[in-house]
Each structure stands twice: as structure tokens, then as C-alpha cells.
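Here are the chains, one letter per residue:
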Amino acid sequence: LLMLASLLAPDSGAIRIAGADPVQDPLAVRRSVGWMPDTLGVWDSLTAAEILVTMGKLYGMAPAAAAQRAGELLAEVRLLDFADKPARVFSRGQQQRLSLARALIHDPAVLLLDEPASGLDPGSRVELRLLLRRLASAGKTILVSSHVLSELDEMADRAVFVSGGETVKTQSLDDAGTQLRWYAVSARNTGALLRALESRGLAAAVGEGTRRSHVRVQLGGEEQAAEVLRHLVASGVEVYAFAPATGALEETYMSLEAEKP
């Protein structure tokens, strides 16, 4: 991310952001990129509005345009009531929302986000996800680095798994939906559920690690899952929960971990 943002020179290889080379033309790259680091560095004595206006000016925006844009973004990230409060009083979640607004101040074509949901409450996480999907639909390219894979299931179109500094797998979310995957199934009669699954040649086991009783079964994607659910209902099994045991990307990650020597 630092290399993409033109903040760290690569040892080898080539990078292009909107056609520009971060090494040869960092200013062009920074005009195209909105950078949200994992930890926000702020001017503690400045207010949220002053920080955004200052950033806008640094990107060459006229003061009036920067002030208008700051107001729009503070409303977008639900910080309008904190516009005149100094950054030093902001919580971690509020700092994250201010950092996102700061990254968007110059309306960049590309967003680089490092753990953007860190410190956010559940409601703010949902709002972040919806905002990023809106920005992507408007044509922006968004790259998110995160260890919380369940969040990426809801916002990403494609995932790149990196281990030891190397790409070990790339996967679209459509591909993830067809992979071998564990499902958690709960029914009023667990014995009847196990017998119905075994009649289809499926090895199942009673799940552990949660308070609610469920059966774990490995299925080959959504099509087989739908077929198995139809079979259970037709067999008279009173199913009250049937869903993937983990997120699609988390399932991929765990399979990659299992493949390690």
C-alpha cells in the first residue's frame, strides 16, 4: 500500500496508478489516490472541518470549494455534529471516519484503505460497507487491506491472499461461492438430521465452539447446498437454520492454511 501511495520506493517491479508511475511522477499519483492508513495522524488542535479544508488546499482546491467539500464529507461519515470539535477529543472510531473523509477530500479515482473498519461500531461498519459499494458503483477503484475477512465478503468483488510477501491466491467472490465449503445446519431433531445427511452419502458431525447445537457438513458450493436443503425438507427434517459456517473468504483462507507444509 505504501508503494502504491508513492510513499515507499519498490526494490523491483513496476507500478502504474491511473497510468502514472509512483516513482517517476508521485504528484500525479497522489492527485489520483485517496490514502487511508491504519492509524490516522491528525493535527490535534485543529477541528475536523479545519483538517479537511487544510487537506483540500494542499490538493490545490480553492478555500470555498474545500469548505463545501468538507461539509459534504462530514455529513457522509456522520461527523457533521463534530465539525467544530478538535481532533484530540475524537474516539478511535471517529478518527477512522475522519480519516476516510480526508482520503476522499479531492474526489480521487483510486482509494487505498488499510483496515478501514478498525475501531468502528457495528452500525458504522455497515455504513462504511454501503458507502464503499456506492463509491465503487460510481466508478472508483477501491483497494482494501484487512484481516477481518467476514467484512470483505460483503464489500469486495475480488480478493488477493498474501503470505510471506507473495500472492498465494486470487479469487472473485463468484468463485468463492462455488468452492467446497462447510455449512452449519440446525434442526429440531439432530438425530433425524444426521440420518438424512448420511442417506445422501454426506459425512456430518455435531459442531462445537458455539452455544447453539448444529451439525457441520461440507458441501460443494451453493448449488449442492440448495439440493441438500430440499432433500432435508422433503425427508421431514424440521430445519430451522442452514447457512455457511464461515464467510467465503475466510473459508478460502483456512483452506490455504491447511495446505501449508
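Scroll up to find the structure this text is about.
Residues numbered from 1 in each chain as written. Predicted model: local features only at pLDDT ≥ 70, side-chain atom pairs only at ≥ 80, totals over all residues. Heavy atoms only, no water.

Helix and strand counts for the protein stand at ten helices and nine strands. Its C-alpha atoms give the protein a radius of gyration of 23 Å, clearly above 18 Å, the size a compact globule of 261 residues would have. When the backbone C-alpha atoms are referred to their principal axes, the protein occupies close to 70 × 45 × 30 Å. The buried share of the protein, reckoned over its 261 residues, is 41%. Counted over contacts in the protein with a minimum sequence separation of 6, partners at least 24 positions apart contribute 64%. Across the protein, the mean location of the 27 positive side-chain charges is 4 Å away from that of the 32 negative side-chain charges. (Helix = DSSP H or I, 4+ residues; strand = E, 2+ residues; numbered from the N terminus. Rg over C-alpha atoms; globule rule 2.2 N^0.38 Å. Buried < 20%, exposed > 50% of the residue type's maximum accessible area, 1.4 Å probe, protein only. Contact = heavy atoms within 4.5 Å. Lys, Arg positive; Asp, Glu negative; His and termini not counted. Charge placed at Lys NZ, Arg CZ, Asp CG, Glu CD.)

Once that is clear, we can look at the pattern of salt bridges. The tally for this structure, following the rule as stated, stands at ten salt bridges. With a shortest N-O distance of 2.7 Å, D107 and K140 are connected by a salt bridge. One end of the pair, D107, is in the loop between helix 4 (92-104) and strand 2 (110-114); the other, K140, is in the loop between helix 5 (122-137) and strand 3 (141-145), with 33 residues separating them in the sequence. Judged by its relative accessible area of 49%, D107 falls in the partly exposed class. Residue K140 is classed as buried on the basis of its relative accessible area, which comes to 15%. (Salt bridge = Lys/Arg side-chain N within 4 Å of Asp/Glu carboxyl O.)

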